[in-house]
Amino acid sequence: MADVTAPGFVPEARQETLTTADGTPLKVSLRRSQRRQRRRAFYLVAPLLFFLLITFGWPIAQMTFRSIYNPEVANYLPETSAAIANWTADEVPGEEVFAAMARDMQLGLEDRTIGRAAARINREIPGARSLVMGTARDLDEMQAPYREAFLQADEDWADLEFWRLIKRETRILTPAYYLLALDFEYNAEGEIVERPEVYQVYRLLFWRTAWMSLAITGLCIALGYPIAHLLATLPLRTSNLLMILVLLPFWTSLLVRTSAWIVLLQQEGVINDLLVWSNIVDDDGRVRMIYNQIGTIVAMTHILLPFMILPLYSVMKTIPPSYMRAARSLGATQFTAFTKVYMPLTLPGLAAGVLLVFILAIGYYITPALVGGESGIFISNLIAQNMQGTSAQLKLASALATILLVAVLVLYWAFNKLIGVDRLKFG
Amino acid sequence: MRENGVAGNGAGDSAYVRFEDVQKSYDGETLVIKNLNLAIRRGEFLTMLGPSGSGKTTCLMMLAGFESTTHGAIWLHEQRIDNVPPHKRGIGMVFQNYALFPHMTVSENLAFPLKVRGMGKAEIEERVARVLAMVELPQFGDRRPSQLSGGQQQRVAVARALVFEPDLVLMDEPLGALDKQLREQMQFEIKHIHQNLGVTVVYVTHDQSEALTMSDRVAVFNDGIIQQLSTPDVLYEAPENAFVAQFIGENNRLYGEVLQRVGDGEVRVKLDSGEEIRALPVNVDGAADRTTLSLRPERVQINPAEGSLPNVLRGKVEEVIYLGDHIRTRLAVAGHDDFIVKIPNASGHPSLKEGETADLGWTIEDCRALDA
Ligand SMILES: Nc1ncnc2c1ncn2[C@@H]1O[C@H](COP(=O)(O)OP(=O)(O)OP(=O)(O)O)[C@@H](O)[C@H]1O
Ligand SMILES: [Mg+2]
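Being a predicted model, the structure only gives us computed values, none of them experimental.

**Quick word on the packing of helix H11 (residues 202-233) of chain A against helix H12 (residues 236-251) of chain A**
Residues and elements named next belong to chain A.
- The geometry of H11 relative to H12 is characterised by a closest axis approach of 8 Å and an angle of 150 degrees between their N-to-C directions. Note on packing geometry: the crossing formed by H11 with H12 is left-handed. Taking contact as the criterion, the partners of Ile227, Leu230 and Leu231 in H11 are, on H12, Ser239, Leu242, Met243 and Val246.
- For the contact of H11 with H12, the per-class residue count stands at six nonpolar, one polar and no charged.

**Describing the sheet that holds strand E9 (residues 217-222) of chain B**
Residue and element names in this part refer to chain B.
- With mixed pairing, six strands are arranged side by side in an open sheet as E6-E7-E8-E3-E9-E10. Each having just a single partner strand, strand E6 (91-94) and strand E10 (225-230) make up the two edges of the open sheet. Put simply, the sheet's adjacent strands are angled 15 degrees from each other on average, direction ignored.
- Across the face of the sheet, helix H1 (residues 56-64) comes into contact with strand E3 (45-49), E6, strand E7 (168-172), strand E8 (200-205) and E9 while running at roughly 150 degrees to E7.

**Quick word on helix H16 (residues 321-329) of chain A**
- Within H16 of chain A, seven of the nine residues are buried, which leaves it mostly tucked inside the rest of the structure.
- For H16 of chain A, every residue scored as buried is listed here: Ser322, Tyr323, Met324, Ala326, Ala327, Arg328 and Ser329 of chain A.
- Where H16 of chain A is buried, its residues meet helix H17 (334-362) of chain A together with E6, helix H2 (106-115) and helix H4 (150-162) of chain B.
- Where H16 of chain A terminates, the next one or two residues include Gly331 of chain A, which has phi positive at roughly 110 degrees.

**Examining the pairing of strand E12 (residues 266-271) of chain B**
Residues and elements named next belong to chain B.
- Looking at chain direction, strand E11 (residues 252-262) and E12 are connected through six bridges and run antiparallel. Bridge pairing in E12 places Arg261 opposite Val267.
- With four bridges connecting them, E12 and strand E13 (residues 276-281) associate as antiparallel partners. Bridge pairing links Val269 to Ile277 in E13.
- Hairpin connection from E12 to E13: four residues lie between these consecutive antiparallel strands, with Gly274 at a positive phi of about 110 degrees.

**Points about the confidence of the model for chain B**
All names here are of chain B.
- In this model, chain B carries a mean pLDDT of 88, and residues with pLDDT of at least 70 account for 96%.
- At the low end of the mean pLDDT range in chain B sits strand E15 (residues 301-302), at 86; at the high end sits H2, at 95.
- Counting interchain partners and residues more than four positions distant, the pLDDT-below-50 stretch residues 1-12 has 24 contacts.

Rules used throughout
- Residues numbered from 1 in each chain as written.
- Chains lettered and ligands numbered in written order.
- Predicted model: local features only at pLDDT ≥ 70, side-chain atom pairs only at ≥ 80, totals over all residues.
- Heavy atoms only, no water.
- Axes fitted to C-alpha atoms, helices over the stretch in contact; angles between N-to-C directions.
- Helix = DSSP H or I, 4+ residues; strand = E, 2+ residues; numbered from the N terminus.
- Left-handed = near helix turned anticlockwise from the far one by under 90°.
- Contact = heavy atoms within 4.5 Å.
- Nonpolar A, V, L, I, M, F, W, Y, C, P; charged D, E, K, R; others polar.
- Pairing = 2+ DSSP bridges.
- Buried < 20%, exposed > 50% of the residue type's maximum accessible area, 1.4 Å probe, protein only.
- pLDDT = per-residue confidence, 0-100.

This is the structure:
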C-alpha cells in the first residue's frame, strides 16, 4: 500500500495485477481477509441449513427417488430378470427363462416374497397373480423342462404380454409413474400411449391448477394494487389501521376463514339470501357459489391477498411523490404518469407479489379441499388422495409432486430470466 | 402584513406570473402563506429566499399546480390557472432531489416530455441531443440517472425541465445537495442558460449568496409573508426590516429607543446601554419607538479621525480571526459582545489585538433604524 500513496506513484500499472505492499496479489489477500467473515457467516446459518437438509432436502430427494424406483420384479425375480434380458420379445421365451422363473418361485415360496412379485405384476395385468401363484403352488410336482410344464399347467404362460411386462419391469428405475401422472401408459406392445379418455384426470388437473392460480393471481393484483397504493400514500396513522385490516386474514385461523366463506357463499347462505330478497334471482335460481371453482377462487384470493399487498406496499413506500409530480409537470396526464412512471417503478414489488401468490396458489391444498367441491380441486388434492393409498399410489403421488415441484422451479427460472429475481422486492 | 414594494412591482400588463391575494392553509388552522401578492416579469430570474418552513415550496407548488390555493388567484400570462391541471400549465420544474425517473436512461428522461406531447421520433432525438449538448453531457445519454454524479444528475434535471421549451421554469432548491464548489459552478451555468434562452425562472433557495448572485430580483420570505422584494443590491444595502437585514449578509444589531426624529433623514436613538446614536430612519415611526439598528460589519471604521464621523463608540476586542483577505474582529460594544468588524488585510488599516480597545465609527446612512 505504501507505494500507492507515495508521491512518485503513477496510476499506470492498472492492467497488471495489483498487489499489496508485501507482494501478495490484492485479490488473494482480499479473499484471505474475508475468509474469516465468511466462516462466521456459515456458522450462523449452519443450524438452519442442517435443519433444512433434514426436513426439506432429504424428504424431497426421497420423494423424487421413490417416484422412479421400481425394485419388485428385479428383487423378487432376480434369475428371471437376468435370463429374460436376451429375450427378443417376439415369441414365447425359451427354456432357460422358464427354468429361471421356476428357481425364483422356489426361493420366493421359501421366503414368502413370491406373493409380492405376483401382486406387482397383477397391477399391470389383472389375473397375473392367480397365474403365478397357481403355478407356484404346483411347482413341487413339476420338473424340467419347465417350459412345457408351465405351459401345460396354464396356457396363459404363453401370453407374450406377460413376458414383455416382466422384461420391462426388470428395470429398477422406471418412468411409468410419470407417464401415469401425465395420463400416459405403456400399451401391450410396450409403447407409450395416452390412457383411455375416461381415466385421464391428471393433465386436466394440472391445467386447471395453472389457470385457476393465474386467475387468483390476477384477482390479487386487481384488488391488492390499489390498496397497496393507498397504504403507501395515506398518513401513517390511517395507513396503520388499514394495514391491520390487511393483515387480519393472516391472524385468523384458516378454518375459521374458510367456514366464514361457506356461510356467505352457500346456496342457503347470506349472499344468496340477499340476492333472493332483492329479487335479483328467485328462490329456485339460487346461485351455486361454493363447492366449485368460484368457491376456490374467492376463498383463495382472500387468503393470498396479503402476499400481494405486502411486497407492493414496501416498494410503493419508497417511491417519492416527486416522481409523479415531475411526470405531471412534464406534461403527462395522470394516466400516462401512472403507466409510464409509477407502474414501472412498482414492478419489482408486483413481480414479487405475482411470484409469491402464484407459487403458493399452485401448491394450495386445504382451501380447494374444503370449498372446491368436485370441479374446484387442485392437483395437490389428488396428490394428497394418492398419498393415502397403496405403495403404487404413493409413487404416483411422488411423481405428481415432483412434476409440480419442477414446474415451480421452471417458473422461477423463467421469472428470473424475464425480470431478474435479484431485482424483486419481497418486503 | 407588508405589501410595500410588492403591489407596485411589475404589476399591470407586464406581469407574466401574478399571485393575487393568495392564501394557503394545509390544516385549516394556520396560514402557511398569508396574503401573497407577487408579480413576475417575463424573462425575469426571481428568487424566493427564506428560512426553512417559510412557505417557499408551497408557493412553487401552487404555481405548478400540485397544491390548491385556499384563497386568491394565480395568473399566468393573463390567464387564471388555479383550475388548470399541472400537465396543461406547461411549466418546467426542477425538483430538489431532481426526481429523474430511475427506470429510464438519461435520454429517455429527456424524451419523456416530448413523447407525451406526441412529437415525432426524429425531432425528439434532435432536441434531446441539443439539450444534452447544452448541459455539456453529450455522451451520457445511455446512462441511468443512478450512474451519474450529483452534479450530472442536476444538469439532466435542468435539461429535462427545459427540453420542451417552457416559458416558465420553477426550481426548488436545485443545488441543495451539491458541494460548495459544484454549487457555484452550477449557479453560473443555470444563470447562463437563463440568459441564453430568455425563460422566466422562479428559483427557490435558502442560501442567500446564491440568491444574490443569480437573481434579477429576490423575494425574501418569512412566516408566509414576503418581507422584501427587491434587486440584490437594494436588498443588501437597504433592507427594509430587521428580518431582511439579519437574513441577508452579516449584520450588527444594536437595540434602543427612538428619542426624536430630526427631519426626514435622521433619527436619534438612545441605546439600551445609554449611548446616543444618529441613524437613518427606515422602519420607525417616532419618539419612544423600540428599534433595531442595523450596521454592516464592513462599514465600520476603526479609530476614525476625531469628529469625522457622527457615531463613535468604544469597543474592546474579544476575538481576532484571520481570514486571508480580511480580518474578522469581534468586539464588545454597548453591552453586546457580538459586534463584528471586518478589517481589510491591506496596508493603511489598523490591526487590532485581543484585549485592546478601539474607537468604532460609522455614518448616519450606514446605520439603519429598523423595526424592533
Ligand atoms: N403537505 C403539507 N401538509 C401540511 N403542512 C405542510 C405541508 N407541506 C408544507 N407544510 C407546512 O407548510 C409550511 C411551509 O412549508 P414549505 O415546504 O413551503 O416551506 P419551505 O419554505 O419550502 O421550507 P424549506 O426551505 O425547508 O424547503 C411548513 O410549516 C410546513 O410544515
Ligand atoms: Mg422547500
